[in-house]
Amino acid sequence: MKPHTIAEKLILPACREIVKVLFGEEAEKEVLKIPVSDNTISRRIEHMSEDIEEQVLRQSRDSPLFALQLDESTDISGQAQLLIFIRIVSNEDIMENFLCCKTLSETTKGEDIFEIVDNYLKFANLPWEKCIGVCTDGAPAMTGSVKGFTSFAKKKNENIIFTHCFLHREALMTKTLVGDLREVLDQVVKVINFIISSSLKSRLFEKICDERDVDASLVSLISESIMLLKDKMMKYFPSINVEDYDWVWNPFSVSVNEVIGLTFVEEDNLISLKNDRTLKLKFKEMTVNKFWIYTQAEFPEISIKAITILLPFSTSYLCEQGFSAVTTIKSKKRERLQSVEEKLRVALSTDRSRIKHLCSTRQAQISH
């Protein structure tokens, strides 16, 4: 028999004593049946993860379209982990969920990332044709035009919308500041926080500024940085006319003739929808996502067009949260842990494991 774990030595006896005092000896006997060995706990997590994965994949297959968010990072043991989240139409709404976490055993090239994603989509029976959007951090391995992940994915579906996470774009843009000025600005942030901590400090600072002349070299440095920022802003935040999507946010407040990019059938759908008084009342009661899903049965063409716009991720924030969870799960004391996928799925998934279902399909292991 394996040595007792800390839980068996300390926690379980205390629990048994509390249960005995509060609920009697019969309840204490039931507590004795609880298996708490490390292997048993690990198996329970695996079973819960399998059940959650089954639910998520079933929902994803039922969704008419899906979008992905993925990112790669290195954990504490030096292993490269690829996190993938999915956004689907489910339960009459747009839902986000953890899809998988896979280890990149060797290199982290775009081809390696694509192979892992492609293999998992095949396993999940999710065709690339249903994928309408992929959001990444904009790294070369992801966005390279020749050997990046996006170049391989386009071969599967050239209509996929690839989104560069706008949080990463903002960070990349700020790096274009002139070196000296960037260091100064870091200090300025600290100074400003100190000054605004009291009204007296603010008044004294204002007086000092009035009494000093502005340096001709400082103005030139600031101007140079502003011009660099302008160029990078155009690169990382290309001009998008948001008015083109006004019909998505409120189809009842736009003129159909002014909507750009609709086919004849989609335009006809939008006209009919716009003149439906019942749907106008429904629109006031629902979120935008739910409204377009609700209208899918009656106006499929324009509804799918709207869902295609609403479904893609705009940031990779879920992956950032996921890597924080990886850091917690795979800590210094557990750096030899090979796979974290099951633990992450149980921790991050919006779906919960069906405990009663799991209990009904497995036999309890009685403690020794």
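Quick caveat: nothing in here was measured; it's all calculated off a predicted structure.

Considerations on the sheet that holds strand β1 (residues 66-74)
So, point 1. Reading across the sheet, the five strands line up as β3-β2-β1-β4-β5 and stay open at both edges, with mixed pairing between neighbours. Of all the strands in the sheet, just β3 (93-104) and β5 (161-164) have a single pairing partner and so form its edges. Averaged over neighbouring strand pairs, the angle between their axes works out to 20 degrees when direction is ignored.
So, point 2. Note that strand β2 (residues 80-90) and β3 share eleven bridges and pair antiparallel. Opposite I84, over in β3, you have C100 as the bridge partner.

Considerations on helix α4 (residues 110-124)
Residues three or four positions apart in an α-helix share a direction because the helix packs 3.6 residues into each turn.
So, point 1. The end-to-end C-alpha distance of α4 is 21 Å, a good match for the 21 Å that 15 residues give at a rise of 1.5 Å each.
So, point 2. Looking one or two residues past α4, N125 carries a phi angle of roughly 60 degrees, positive in sign.

Regarding the nonpolar core
When a protein is soluble and globular, its nonpolar side chains tend to lie buried together.
So, point 1. Among the nonpolar cores identified, the biggest contains 40 residues, and L83, W247, L270, L273, W292, I302 and L344 are the most heavily contacted of them.
So, point 2. If one sorts the elements of this core by residue count, helix α16 (residues 317-329) sits on top with six residues.
So, point 3. The residues touching L270, leaving out its near neighbours within four places in the chain, are W247, P251, V256, V259, L262, W292 and I302.
So, point 4. L70, C100, I116 and C131 belong to the second-largest nonpolar core, a separate cluster that totals 31 residues.

Let's talk about the packing of α16 against helix α17 (residues 341-348)
So, point 1. Two numbers describe how α16 lies on α17: the axes approach to 10 Å, and their chain directions differ by 120 degrees. As summarised for this structure, α16 and α17 are arranged oblique, according to the angle between their axes. You can see that α16 and α17 cross each other, and the crossing is right-handed. Here G322, A325, V326 and I329 of α16 lie close against α17, whose contacting residues are K343, L344 and L348.
So, point 2. Taken together, the residues of the contact of α16 with α17 sort by class into five nonpolar, one polar and one charged.

Looking at the pattern of salt bridges
So, point 1. Counted according to the given criterion, the structure contains seven salt bridges.
So, point 2. A salt bridge links K122 to D118, with the shortest nitrogen-to-oxygen separation between them at 3.3 Å. Pair noted here: K122 and D118 are both in helix α4, with a separation of four residues, about one helical turn.
So, point 3. Judged by relative accessible area, K122 falls into the exposed class, the value being 55%.
So, point 4. Several salt bridges share partner residues, and in doing so they unite E53, K102, E341 and R345 into one network.

Describing the packing of α4 against helix α6 (residues 149-156)
So, point 1. Their axes nearest at 7 Å, the elements α4 and α6 cross at an angle of 45 degrees. The orientation of α4 with respect to α6, classified from their angle, is oblique. Two secondary-structure elements touch here, α4 through G110, E111, I113, F114, V117 and D118 and α6 through F149, F152, A153 and K156.
So, point 2. Among the residues forming the contact of α4 with α6, the class breakdown is six nonpolar, one polar and three charged.

What to know about the confidence of the model for the chain
So, point 1. Of all residues in the chain, 77% have pLDDT values of 70 or greater, and the mean over the chain is 80.
So, point 2. No element of the chain has a lower mean pLDDT than helix α1 (residues 6-23), which averages 57, and none a higher one than helix α14 (residues 288-294), which averages 95.
So, point 3. Low confidence marks residues 1-8, where pLDDT is under 50. Its contacts with residues over four positions away, or in another chain, come to twelve contacts.

Notes on the side chain of R87
So, point 1. Structurally, R87 can be placed in strand β2.
So, point 2. A distance of 3.4 Å separates a polar atom in the side chain of R87 from the backbone oxygen of L310.
So, point 3. Those residues in contact with R87 that lie beyond four places of it in its chain are L65, F66, A67, I94, M95, E96, L310, L311, P312 and F313.

Thresholds, definitions, all that
Residues numbered from 1 in each chain as written. Predicted model: local features only at pLDDT ≥ 70, side-chain atom pairs only at ≥ 80, totals over all residues. Heavy atoms only, no water. Pairing = 2+ DSSP bridges. Helix = DSSP H or I, 4+ residues; strand = E, 2+ residues; numbered from the N terminus. Axes fitted to C-alpha atoms, helices over the stretch in contact; angles between N-to-C directions. Expected span 1.5 Å × (residues − 1). Core = buried A, V, L, I, M, F, W, Y, C linked by side-chain atoms within 4.5 Å. Buried < 20%, exposed > 50% of the residue type's maximum accessible area, 1.4 Å probe, protein only. Contact = heavy atoms within 4.5 Å. Parallel < 35°, antiparallel > 145°, perpendicular 65-115°, else oblique. Left-handed = near helix turned anticlockwise from the far one by under 90°. Nonpolar A, V, L, I, M, F, W, Y, C, P; charged D, E, K, R; others polar. Salt bridge = Lys/Arg side-chain N within 4 Å of Asp/Glu carboxyl O. pLDDT = per-residue confidence, 0-100. Polar contact = N/O pair within 3.5 Å; in protein donor to acceptor, adjacent residues only side chain to side chain.

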